[in-house]
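Architecture and fold: a report
Okay, here's what each chain looks like letter by letter:
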2 protein chains.
Amino acid sequence: IDKHVIDVSSGDPHKAGMPPISFIRQVMAVCLYPELLKEKSLPLDVRQRAQKLLDMCSGGSVGSYSTTSIGLPEVQKSISEFITRRDGGVLSHPEDIILTIGSQKGLSVFLNLLTSGEGKTQTGVLTPMPCPHTLPMLLDMTGLALVPYRLFEEQGWAVNLDELHRALEAGRVHCEPKAIYISNPGNPTGYVQDRETIEKVIRFAATNCLIILAEEVHQGSVYGQDKEFISYKKVLSEMGKTYAETMELVSFHSISTAYIGECGLRGGYMEVVNIDPAVKKCLNFTPSAPVLPQLALELSTPQLTVTFVLFLKEIHHIEDTLSQNAKRALEFLNRVEGMSCQPSMAGPFLYPRVHLPPHMVEEAKRLGVKADVLYCQRLLEEEGICVGAGCENGQEDKNYHIRHRYLLINNKINQFHRSFCEAMLTG
Amino acid sequence: IDKHVIDVSSGDPHKAGMPPISFIRQVMAVCLYPELLKEKSLPLDVRQRAQKLLDMCSGGSVGSYSTTSIGLPEVQKSISEFITRRDGGVLSHPEDIILTIGSQKGLSVFLNLLTSGEGKTQTGVLTPMPCPHTLPMLLDMTGLALVPYRLFEEQGWAVNLDELHRALEAGRVHCEPKAIYISNPGNPTGYVQDRETIEKVIRFAATNCLIILAEEVHQGSVYGQDKEFISYKKVLSEMGKTYAETMELVSFHSISTAYIGECGLRGGYMEVVNIDPAVKKCLNFTPSAPVLPQLALELSTPQLTVTFVLFLKEIHHIEDTLSQNAKRALEFLNRVEGMSCQPSMAGPFLYPRVHLPPHMVEEAKRLGVKADVLYCQRLLEEEGICVGAGCENGQEDKNYHIRHRYLLINNKINQFHRSFCEAMLTG
């Protein structure tokens, strides 16, 4: 392909041209090259904050090993304070914060600890369908059984409790389900769970002795009207001692998302609630956590300083742009004949259904590929647009979908979809 | 302990006050905050190099995902060119370079792929004693059997071929040895292997179908007179087709060592030689390699530019300081009564033998700790100096050792050693 390729399949904001937050980058630059502490052209509070971060590092250098393998204590503290503020005062404890190399790596480490048995005793994980496109392979590589629970498009991709019960029973036939994976706000659906749903899921997990793995990385990009992110931790803490002090919960977050969008830095953390201290010890997965992504994490929880005004301005600009783009992309996709898309409330993706004529599905079968994959391949070859096939998100049914980051809207999709369906009819 | 603690147990140069290389940090600072591209106070070639690195990143931002999960292709290329130069023209191929989060993580990923069987079919790894202090636990966590081969102090810690044969036979009784781990220059011994030894080890590995895992992270800090680092890859390539095209070899390197010393950035790579492409695929261990440590890797292979003069000057200053310190520390330790230390030729450590009187060994036994651990505990408590106990390096015999980074020399050790032995005599 010598066409210019536009990749809208992954949630990588900087790649798509979203600018980084100046404050974060300025402070990190000073930390890397402390001679810039004297650079008057950089704001004073940038330099002060950099000095504070350098003081956290052994020998005052980001080149020294992290003082503990799960993270710099000061960063753990900042993150726990951020969570406490976010959850309206529900306490988060620094020792429960484990710094990870992106949220994915944290998840992978935790899943490794869950792995045991084989055949009917193999550990199973209840997994939403659709789910984040990296999850099915991760479960497979870790040796865990994927126990699918469906999210229903006609219900706007909400979690359905009856379906959870059905899935659990079905899973118990071939493995031992020990955890439930939640993606909230949903990846790739953009659905935001309400308190009532979260309570029900927690009760369901408690009754069935399931650890809750809450992937909450898109918590900072909720734009749906009257929608707000409520963390599993907050709801759990407000459900009374029986739940709050016993239910095992791990929440994953990352700096790759929302207005931060620092995918390349690979920074994330997990907050572990009611997890056995012996298990916590095993979560030390590297001899030493990288220092720079820790600093970026620390910086992504805003503090009131002079530059804070610019920080907020940049955040609001990005947020406004994203929510407007999401709205425009949704309208656009719903105007394409043969496509329909549920409104998304959060996160970087839209997940439209693509109505493919039966003859095309036949054509794909003849070629030995899935119909949505064929669709995506052709869209890439003919228009240079790379979208994700719904089957990557674990969706195996006959409703075909594509995963589409709304940061860029491309009218080529419209033309392609029409000509693709037509070509298939006549061809 | 409210004393100030001086940690000389780990090889963390920046923590001990060794400055970073300006060029590396300047370029990285500009990459993080590209507004600095306009900053005239920064050298032109720093800014030009930063622009070049930014051009490698998707969307021109270090915040975008790495274009492939094993690393940016340009970085793979730079590293392979560095290796080709280092090995006097023996070709290294970019596709054989796999970027890792420090060398340890790379090793851990590869060891995971070796793991299989249990009891007599468990995979075993021939491991030097003494070895890097993090290795025994890593092997254990990965489910591999440690098959010890001893290095003999009286031979200056050289590899002994007879001992390799003995170790292999002994190992085969209880497991299936499939790999040999080599640390060259040796950690913690500082021994640098010569070509003849390396050839013998390669023949031994070939005869016995062992994969060679060559930890060569201290290649950049050889200071022993008339000593030079020769890579296993180079020797292998010059031993004729039978060896060069069949022997499986993995070499590990890192930016945490020598004059770079960037432990906190967690950057490393492995070069895989003659490894099955299917296995290579499995080495993709993260959805995306962090971008910043990749840039640091790229920058740690010097290129001829204006700032190169300063770069070289800084390197030479650091190297001179290190080799002088090593010499002084060696002389110092050999003057302490009851200590003796083999000359080290490379790397950050000295590994002196500590001659403990029998009554002290008895005392330790009574307390239920190893004698070298007791020694290190007391040294920490009484003088605030943290050295590593030789048993951490897997040394189980009755010759007690301590691991001591020579970057800092502390006369307190002398006083302590004398009073410790005396107190034990009278107490």
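Since this is a predicted model, take the numbers as computed values, not measurements.

Thresholds, definitions, all that
- Residues numbered from 1 in each chain as written.
- Chains lettered and ligands numbered in written order.
- Predicted model: local features only at pLDDT ≥ 70, side-chain atom pairs only at ≥ 80, totals over all residues.
- Heavy atoms only, no water.
- Domains from an automatic or database assignment.
- Contact = heavy atoms within 4.5 Å.
- Buried area = accessible area lost by both parts, 1.4 Å probe.
- Salt bridge = Lys/Arg side-chain N within 4 Å of Asp/Glu carboxyl O.
- Polar contact = N/O pair within 3.5 Å; in protein donor to acceptor, adjacent residues only side chain to side chain.
- Helix = DSSP H or I, 4+ residues; strand = E, 2+ residues; numbered from the N terminus.
- Nonpolar A, V, L, I, M, F, W, Y, C, P; charged D, E, K, R; others polar.
- Phe/Tyr/Trp six-rings, centres within 6.5 Å; stacked < 30°, edge-to-face > 60°.
- Buried < 20%, exposed > 50% of the residue type's maximum accessible area, 1.4 Å probe, protein only.
- Lys NZ or Arg CZ within 6 Å of the ring centre and 35° of its normal.
- Least-squares fit on C-alpha atoms with pLDDT ≥ 70 in both.
- pLDDT = per-residue confidence, 0-100.
- Disulfide = S-S within 2.5 Å.
- Pairing = 2+ DSSP bridges.

Structural notes on the domain arrangement of chain A
All names here are of chain A. Here the domain parsing of chain A yields domain 1 (6-14 + 311-426), domain 2 (24-62) and domain 3 (73-299). On the domain 3 side, the residues contacting the 28 residues of domain 1 number 31 residues. At the boundary of domain 1 with domain 3, total buried surface from both sides reaches about 2500 Å², with 61% on carbon and sulfur atoms. It is Gln342, Met345 and Asn393 that lose the most area in domain 1 upon contact with domain 3, and together they represent 26% of the buried surface on that side. On the surface where domain 1 and domain 3 come into contact, there are zero salt bridges. For the pair domain 1 and domain 3, the interface holds 11 residue pairs in polar contact (both at pLDDT 80 or more). Contributing elements (two or more residues each) for the side of domain 1 that touches domain 3: helix 12 (308-335) and strand 10 (349-350). Broken down by element, the residue count for the side of domain 1 that touches domain 3 peaks at six residues, all from helix 12. Looking at side-chain class alone, the side of domain 1 that touches domain 3 contains 12 nonpolar, 11 polar and five charged residues.

Considering the packing of aromatic side chains
Residue and element names in this part refer to chain A. Under the counting rule described, the total for this entry stands at four aromatic pairs over all chains. Judged by centre distance (5.8 Å) and plane angle (40 degrees), the rings of Phe23 and Phe311 are tilted. In this pair, Phe23 sits in helix 1 (residues 22-32) while Phe311 sits in helix 12, placing the two residues 288 residues apart along the sequence. By relative accessible area, Phe311 is classed as buried at 2%. Note that Arg403 overlies the ring of Phe349, its terminal NZ or CZ placed 5.9 Å from the centroid.

Quick word on the relation of the copies chain A and chain B
Here chain A sits on chain B after a turn of 180 degrees about the axis and a move of 0.0 Å along it, with an RMSD of 0.1 Å. Seen this way, the second copy is the image of the first under a two-fold rotation axis. Among all residues of chain A, the one whose C-alpha sits closest to the rotation axis is Ala29 of chain A, at a distance of 2.0 Å. Interface overlap between copies: 100% of the residues of chain A at the interface are likewise at the interface in chain B, consistent with a symmetric, same-surface contact.

Considering the confidence of the model for chain A
On average, residues of chain A score 90 in pLDDT, and 94% of them reach the 70 mark or higher. Among the prediction metrics, the complex's ipTM stands at 0.88, with pTM recorded as 0.90.

Side note on the interface of chain A and chain B
Counting from both sides, the interface comprises 41 residues of chain A and, opposite them, 41 residues of chain B. The contact between chain A and chain B buries some 3300 Å² in all, and 63% of this surface belongs to carbon and sulfur atoms. Across the contact surface, chain A and chain B share zero salt bridges. On inspection of chain A and its partner chain B, the count reaches 19 residue pairs in polar contact (both at pLDDT 80 or more). Elements represented by at least two residues in the side of chain A that touches chain B include exactly helix 1, helix 4 (102-114) and helix 11 (291-299) of chain A. Of the residues forming the side of chain A that touches chain B, the biggest block, seven residues, is contributed by helix 1 of chain A. In terms of residue class, the side of chain A that touches chain B is built from 18 nonpolar, 16 polar and seven charged.

Brief notes about the side chain of Gln76 of chain A
Mapped onto the secondary structure, Gln76 of chain A falls in helix 3 (residues 73-86). When near neighbours in sequence (up to four residues on either side) are disregarded, Gln76 of chain A contacts Ile70, Gly71, Pro94, Ile97 and Leu99 of chain A.

Let's talk about the state of the cysteines
One covalent bond between the sulfur atoms of two cysteine residues makes up a disulfide. Residues and elements named next belong to chain A. By the definition in use, this model includes zero disulfides over all chains. Of all cysteine sulfurs in the structure, the one in Cys31 sits closest to Cys57, which takes part in no disulfide; the separation is 6.7 Å. Relative accessible area serves as the criterion here: at 7%, Cys57 is assigned to the buried category.

Some points on the pairing of strand 14 (residues 402-405) of chain A
Every regular strand shows the same layout, with side chains that alternate between the two sheet faces. Residues and elements named next belong to chain A. Residues of strand 14 alternate between two faces, with Ile402 and His404 on one and Arg403 and Arg405 on the opposite face, all of them buried. Pairing analysis gives two bridges linking strand 10 to strand 14, with the strands arranged antiparallel. In the sheet register, Leu350 faces strand 14, and the bridge partner there is His404. Bridge analysis of strand 13 (residues 388-389) against strand 14 gives two bridges, and the strand direction is antiparallel. Bridge pairing links Ala389 to Ile402 in strand 14.

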